[in-house]
Amino acid sequence: MRPGDVEFDDFVRARGPALLRYGYVLTGNADDAADLVQEALLKLSDSWKRVRNKDSPEAYVRTTMARQHISWWRRRRREHLTDDLPEGSYTDVHTFGELWKELATLPRRQRVVLVLRYYEDLSDKEIAEILGISRGTVRSQAFHALNALRVKPSVRESAQQSVRQSPGNRERA
Amino acid sequence: MRSEDELIGALRTAGEHAPDGGGDLLAGVALRRRRRTRRRVRVLAAAAAVVVLSVGIRGAVLSGGGGGDMATTPAPEPPVPRSAPVEELWPGAVFTLPVEAPDGARRVPMTGISPTEVLVLARMPGKEGRGRLEVYDSAAKKSRLVAELPGSRQFVIPSLAADGRNVVWQVSAGKSVREIWTAPLAGGKARLVTELTGSRSDLDAISVNGDQVIWSERSGGVWRVPVAGGAPDRITATDGLHLLRWPWASDAPAGPDLDDRNQTVLVDLTLITSHEVDSRPGAKGVRCGPHWCLGRGAGGSFLQRINGSDLRDIDGVFGHPKPLSMAPLLNRFVPLKHGVHDVATGSTATIKARTLALGAAGEPSTILYWIKKQGSWEVLNLAAVPSAQ
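Since the structure is predicted, the reported quantities are computational estimates derived from the model, not experimental observations.

### Some words on the overall build of chain A
Within chain A, the secondary structure is distributed over 10 helices and one strand. Across chain A, helices and strands are ordered from the amino to the carboxyl terminus as α-α-α-α-α-α-α-α-α-β-α. Contacts in chain A between residues at least 24 apart in sequence constitute 57% of all its contacts with a sequence separation of at least 6.

Printed below as a string of C-alpha cells:
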C-alpha cells in the first residue's frame, strides 16, 4: 500500500460491504461482484485526491461500477457461459425467489437500468448521465425490462410510456 | 402482473444476502495494482531499449506478487498434488451419462443415492416447468422414472435430497411460497408434503430420513415434518443452526459458499450433543463434517480434525475467486479445481475438464460432473469409491 493512503483504506473499510452488496445486485453473483468492486476501487485510488476533494468517492465508485459492468464485463460473462454447465452448479447457491432469477435473463444494460432505478433509487435523468445514454433510452430499456419481468410500471411511468409511444400526444408531454 | 415494490424487494433482499468478503477488498485492490504494474512492465519490455530496466523492475515486482497473476511469463496454476487420472484411480466410480434423454429432455445429475445410482433431473428444453426425476443406474446404463414434477410449479434447483426410500424437493409456488414435495424412489406419484410461506420459506438445506423431512432456514433453525404430511415443528435448541446432512447441524451454513464464517460447533440433532470446532487463529470459512474440517488460512487451504489435530495443507481447492467454504464430502473427499483429493488415502484423482461442477442438492451432493465429449456428462459418484481399508 502506498504511503499517505490511510483515508482511502478507511473509505474501503467503511463502505466496502455496501459496495459489495451493490455489486452483487448488479452482477448477480459474488465473484463478479468482488471483481467489479475491486476494479472500481483501483480506479478510485488512482484519482483519490481529486475525487475526495471534488466529488463523492462513493458516487464515483458506483458510477464506475455501473459503466464497467456494461462494458468490458461482457467478455468475462461469455467465458462463464461457454462452459455450458446448467444452472444449479456450484456458483448458483443463492436463490431469492423467481424475480431475482429472472433478472439474470435480462440483457446487461436493462438490468443495470433497473438496478439504478429501483435499488439505487435514481431518476431517469441521473441514470442517463451515469450511463451516457439519452433519457429516452433509459425509459425504453426500463420499459422492456419491466415487460420481460412482468412488472407493472407505476402510473407515472405508464403515463410517460403512452405519451412517448403515441406521436399525436407529444405536445402534451 | 407483479408490482414495482416486488422488484424493489427482490433487489434489496438479494443485496442483504450478498456474501460478505469485505475484509479482502483492500488486498484485492493491492493485488490488482501489482498485476497492472506487471502488465505495464511487459509493455515496456517489448521495447528492446528498456530491457535492462524492465528486468530490474520485474524482479522486484515478482518477489512481492501473489499467485495466479497474468505475469510476464504466465505463472502456472498452483501445482495440483498429482496421483492419477480419475478413470485410473477409481475406475468403478466414473460413468458417462448422455445429456439428452430419448424424448429430448435434458438431464442434469444431482446427487448419488447408491454406488451405482444417481438422481437425475430431466427437463424439456424451453418448458422448464415440465420435467421429471429419474434414477440413472450406471451398471445397467439405464434410466428409470421416479416421478413427474408437478407441472405448474417451478423446481428449486439446490433442493433435492433422498434417503433409501424417498426423494424430497422444493418447488416455488409464488413469491415467498415454497412447497416441499416427495415421491418414493421406487417410482410413483409426486405428493405435496407441506407449504412454507413468508419468512418460513427461505430454506438453505433439506434432508429426508425415514418418515421425516428435515430442513433449516437461511436465518438458522432446524425444522421437521412427517413425510406423510402435517404441520412443521421446530426442533428444540436449534436456534441459529443449519442442517448439514441429517443428523448433523452446524452454526455456519453447509455451503458450498464464499462466506468467511467459521463453523464453531458440530451438533448431532438426534442426541443434541455438540462438538466444539478448534480452528487456528486467522482461519476463515472453516466447515466441518463429523470427521474433517476444511478451511482457509493465510498460507492457503487446510484440512484438520474437529479438535484441531492432524493439520495439513491442501492446494487447489475448488472455487473461484477463492476456495469455497464447505466440509469434505462424505467425511472424506475434497473437490479440487482439477480433481478430487481423498483425505482417507491421501491420493488425488485428477480430472481433465474445463469446468467441474458439483451436484446441486439440498444437502451436500455426492457427485461431481464435467463434459469430456460433447453431448454427455462424465459423472464421478463418490459413493462408489472403494473404502480406504
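Further notes follow.
### Details of helix α8 (residues 124-131) of chain A
Residues and elements named next belong to chain A. Buried residues of α8: D124, I127 and I130, and no others. Burial along α8 is one-sided: seen end-on, the buried residues are contained in an arc of 120°. Buried-residue contacts for α8 involve α4 (57-70), α7 (108-119) and α9 (135-149). In the segment just after α8, G132 is the residue with positive phi, at about 65°.

### Observations concerning the environment of R130 of chain B
All names here are of chain B. Note that R130 resides in strand β6 (residues 127-137). Sequence separation of R130 and G151 is 21 residues, and the distance between their C-alpha atoms is 5.3 Å. Leave out the neighbours within four places in its chain, and R130 touches R123, M124 and G151.

### Describing the pairing of strand β25 (residues 333-336) of chain B
All names here are of chain B. Judged by which residues are buried, β25 turns out to be covered on both faces: F333 and P335 on one side and V334 and L336 on the other are all buried. Relative to strand β26 (residues 339-342), β25 runs antiparallel, the two sharing four bridges. Counterpart to L336 in the pairing with β26 is G339. The turn joining β25 and β26, which pair antiparallel and follow one another in sequence, is formed by two residues.

### Let's talk about the confidence of the model for chain A
All names here are of chain A. Residues of chain A with pLDDT of at least 70 account for 71%, and the chain-wide mean is 75. Contacts for the low-pLDDT stretch residues 73-95, under 50 throughout, to residues beyond four places or in other chains number 30 contacts. Across residues 156-173, confidence stays below pLDDT 50; counting only partners more than four residues off in sequence or on other chains, it has eight contacts.

### So, the confidence of the model for chain B
Per-residue confidence for chain B averages 83 on the pLDDT scale, and 86% of its residues sit at or above 70. Mean pLDDT across the secondary structure elements of chain B bottoms out at helix α3 (residues 51-64) of chain B, with 30, and peaks at strand β15 (residues 222-226) of chain B, with 96.

### Regarding the packing of α4 of chain A against α7 of chain A
Residue and element names in this part refer to chain A. Closest axis-to-axis distance for the α4/α7 pair is 9 Å, and the angle between their directions is 160°. Taken as axis vectors, α4 and α7 run roughly antiparallel relative to one another. Regarding α4 and α7, the two cross each other, and that crossing is right-handed. Facing A66, H69 and I70 of α4, the residues of α7 in contact are R108, R109, V112 and L116. For the contact of α4 with α7, the class distribution of residues is four nonpolar, one polar and two charged.

### Side note on the nonpolar core
V37 of chain A together with L119, V167, V168, V213, L243 and L380 of chain B are the most contacted members of the largest nonpolar core, which totals 132 residues. Ranked by the residues each element gives to this core, the list is headed by helix α1 (residues 6-27) of chain A, at nine residues. With residues up to four places along the chain from it excluded, the contact list for L243 of chain B reads A205, S207, I214, W215, S216, V222, A249 and A254 of chain B.

### Side note on unusual backbone geometry
All names here are of chain B. The omega torsion across W246 and P247 is 5°, close enough to zero to call that bond cis. On the secondary structure map, P247 appears in the loop between β17 (242-245) and β18 (248-250). For the peptide bond that leads from G255 to P256, omega is 0°, which places it in the cis range. Within the element layout of this structure, P256 appears in the loop between β18 and β19 (265-268).

### With respect to the sheet that holds β18 of chain B
All names here are of chain B. Strand order in this open sheet of four strands is β17-β18-β19-β20, and the pairing throughout is antiparallel. Taken across any chain shown, the strands that pair with only one partner, and hence form the sheet edges, are β17 and β20 (273-276). Recorded for the sheet is a direction-independent mean angle of 30° between the axes of neighbouring strands.

### Observations concerning helix α1 (residues 4-16) of chain B
Residue and element names in this part refer to chain B. The terminal C-alpha atoms of α1, which comprises 13 residues, lie 18 Å apart, in line with the 18 Å expected from a rise of 1.5 Å per residue. Along α1, the residues that are buried comprise L7, A10, L11 and A14. For α1, the angular spread of buried residues about the axis comes to 95°, placing them on one side. Turned more than 90 degrees from where α1 packs its buried face, D5 and E16 sit exposed.

What counts and what doesn't
- Residues numbered from 1 in each chain as written.
- Chains lettered and ligands numbered in written order.
- Predicted model: local features only at pLDDT ≥ 70, side-chain atom pairs only at ≥ 80, totals over all residues.
- Helix = DSSP H or I, 4+ residues; strand = E, 2+ residues; numbered from the N terminus.
- Contact = placed C-beta atoms within 7 Å.
- Buried ≥ 20, exposed ≤ 12 C-beta atoms within 10 Å, placed from the backbone.
- Arc of directions from axis to C-beta.
- Pairing = 2+ DSSP bridges.
- pLDDT = per-residue confidence, 0-100.
- Axes fitted to C-alpha atoms, helices over the stretch in contact; angles between N-to-C directions.
- Parallel < 35°, antiparallel > 145°, perpendicular 65-115°, else oblique.
- Left-handed = near helix turned anticlockwise from the far one by under 90°.
- Nonpolar A, V, L, I, M, F, W, Y, C, P; charged D, E, K, R; others polar.
- Core = buried A, V, L, I, M, F, W, Y, C linked by C-beta atoms within 7 Å.
- Expected span 1.5 Å × (residues − 1).

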